Amino acid sequence: MRHLPPILVVDDDPNMRATLEGILRSERHDIVPAESAEEALRFLEEREFLLMISDVRLGKMSGHELLKEAHRRWPSLPVILITAYATPRLAVAAIQDGAFDYLAKPFAPEELLHLVAHCAERQTLVRENSAFRAREQQAFQLDRLIGDSARMRDLRQLIRTVAPTNATVLILGESGTGKELIAGCLHSLSHRSSEAYVRINCAAIPEGLLESELFGHEKGSFTGASRSKPGRVEEADGGTVFLDEIGDMSRALQAKLLRFLEDGSFTRVGGNEELSVDVRVVAATNRDIVRLIQDGGFREDLFHRLNVVQFRPPPLRERGDDVAQLAEHFIGTYCRALNKPRMELGRAAQQALLRHRWPGNVRELRNAIERAVILETGSEVNPASLPDFTLEARLSASVNSGSGAGADMDRPLEEALADYERRLITAALGRHHNVGRTAEALRISRHALRYRMQRLGLQPEAADEESTATDRGNN
Ligand SMILES: Nc1ncnc2c1ncn2[C@@H]1O[C@H](COP(=O)(O)OP(=O)(O)OP(=O)(O)O)[C@@H](O)[C@H]1O
Ligand SMILES: [Mg+2]
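From a predicted model like this one, the values you see are computed outputs, not experimental measurements. (Residues numbered from 1 in each chain as written. Chains lettered and ligands numbered in written order. Predicted model: local features only at pLDDT ≥ 70, side-chain atom pairs only at ≥ 80, totals over all residues.)

**Digging into the sheet that holds strand β7 (residues 197-201)**
The sheet built from 5 strands is open, its strands ordered β7-β10-β13-β6-β14 with parallel pairing. Edge positions in the sheet fall to β7 and β14 (309-311), since each has one partner strand and no second. The average undirected angle you get between the axes of adjacent strands in this sheet is 20 degrees. Two strands pair when backbone bridges link them, and strand β10 (residues 240-244) and strand β13 (residues 280-285) are joined in this way by 4 bridges, in the parallel orientation. Bridged to F242 within β13 is V282. (Pairing = 2+ DSSP bridges. Helix = DSSP H or I, 4+ residues; strand = E, 2+ residues; numbered from the N terminus. Axes fitted to C-alpha atoms, helices over the stretch in contact; angles between N-to-C directions.)

As structure tokens, then:
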């Protein structure tokens, strides 16, 4: 069993704090003293405690209020209340508010130690039980990776081989290909599975705060740092850190991460002390890492350090029949979730799914199926309840050509505007299916629309012929 977390002792009377500390330290418990309820709550936010022992009479906020608040926010934290004015009514109220027990002053040291031992024993059981449950979930986790294509089977095998090692892993793949799922599997199939799994999304945290999120900070190290805070790598000690969207990390922080990867050592922001932890690092990005390195956005040495084992989950369009298998899987999931009777994947729908290119990969497929299961009233998923893939393909092609990094930079204005116009009109045509309605939606005359289409080299689609013909008659 790992070393137990400390006991939080809350009392505004320094003598009483010293007495409690003396008693508890005699049994080699670690203590963190707090002199007010407010301070105790701040400590509770920062780390884990075995239990909290609090006096009922405190400064502003009473021990009872502290108990209620702590019970609401950390329901599994045991709390022992101590008071000089014990009455049965107060004792009952305390237990009802979630106290583990209630101790009246004066008490014998053994009484307190007995309560604490009882508490510690219970906490250990709870921890062992959750470690046990985490282990039980392992097989289940790998099962969540659906797909029997050769590439998925290889991927699963690689996960099984690499998970139990301490090797750093880099996962490279398009959006929605299952990078996060793979990272979770690597943790849950490792010997670290009963310890913490900490995911940090480097793209979601503002650049200036990411370092302190990762490595923590000391009090006063920057405006707003009113007290020191441990880093998430400390939280992950013994476990795994998943650095998601690592391609979005600033170069300055990349250098610090590199040092951390060498030997697990780091210093908190504004701190001098060198700290060190034992964590396994898994990183992922959907960006083109080679191009990032060439453009100077990513350090090559960090890439090599992360790239001890590389995972490349394949895009869905290269996974053949996995599309149908995943679709069946998600139909089952959403039918259960939405309490609908089991549905089948109709043949025509299956064909449509197999033809689509899936730029958003498994996530896109999952969303498409969720929508279909909601819309379908029968026992089969039909193409009508699936998204209009032809439209989506055209839209995504236009989005990609528009966002392609730097594609719009320093282009002749006329050309860029024409491109934009072309995309806009194509998308509107896809939505409205005929020139008349499209013109209406774009608030221009049919004549103007046809003129622009001609200039932009856009042909009315075959499906629009008929309406175009009638339009022609009208003009
Ligand atoms: N092989 C798979 N089997 C079943 N579900 C999958 C599979 N791959 C991905 N998923 C599901 O697809 C969704 C997207 O997966 P995930 O979040 O892991 O993608 P990602 O690669 O991290 O994407 P992004 O780069 O956008 O963050 C999740 O709901 C995940 O459970
Ligand atoms: Mg992800």
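That was the structure; now back to the text.
**As for the site of ligand 1**
By nearness alone, 17 residues border ligand 1, and S175, G178, K179, E180 and V362 come closest of all. Of all the secondary-structure elements, those providing two or more residues to the shell around ligand 1 are α7 (179-188) and α15 (361-375). Of the residues that constitute the shell around ligand 1, the class distribution is 5 nonpolar, 7 polar and 5 charged. When residues of the shell around ligand 1 are sorted by domain, at least three fall in each of domain 2 (144-311) and domain 3 (316-387). (Near = placed C-beta within 6 Å. Nonpolar A, V, L, I, M, F, W, Y, C, P; charged D, E, K, R; others polar. Domains from an automatic or database assignment.)

**Things to note about unusual backbone geometry**
Leaving glycine aside, a negative phi is the common case for residues, and trans is the common case for peptide bonds. Here the residue pair K105 and P106 is connected by a cis peptide bond, since its omega of -10 degrees sits within 30 degrees of zero. Along the chain, P106 falls in the loop between β5 (101-104) and α5 (109-143). A positive phi angle, near 60 degrees, is found at R28, a position not held by glycine. Mapped onto the elements of the fold, R28 is located in the loop between α1 (14-25) and β2 (31-34). A positive phi angle is found at R443, which is not glycine, with a value near 55 degrees. Checked against the element boundaries, R443 lands in the loop between α18 (435-441) and α19 (446-456).

**Describing the packing of helix α2 (residues 37-46) against helix α3 (residues 63-73)**
The geometry of α2 relative to α3 is characterised by a closest axis approach of 10 Å and an angle of 20 degrees between their N-to-C directions. For the element pair α2 / α3, the angle class is roughly parallel. In terms of crossing hand, the pair formed by α2 and α3 is right-handed. Along its contact with α2, which presents A37, A40, L41 and L44, the element α3 presents E65, L66, E69 and A70. Broken down by class, the residue content of the contact of α2 with α3 amounts to 6 nonpolar, no polar and 2 charged. (Parallel < 35°, antiparallel > 145°, perpendicular 65-115°, else oblique. Left-handed = near helix turned anticlockwise from the far one by under 90°. Contact = placed C-beta atoms within 7 Å.)

**Regarding the sheet that holds β5**
Taken in spatial order, the 5 strands line up as β2-β1-β3-β4-β5 in an open sheet, and their pairing is parallel. The strands lining the two open edges of the sheet, one partner per strand, are β2 and β5. Recorded for the sheet is a direction-independent mean angle of 20 degrees between the axes of neighbouring strands. Where strand β1 (residues 7-10) and β2 come together, 4 bridges link them in parallel fashion. Bridge pairing in β2 places V10 opposite A34. Of the strands in this sheet, β1, β2 and β3 (51-55) are in contact with α1, which crosses β2 at around 170 degrees.

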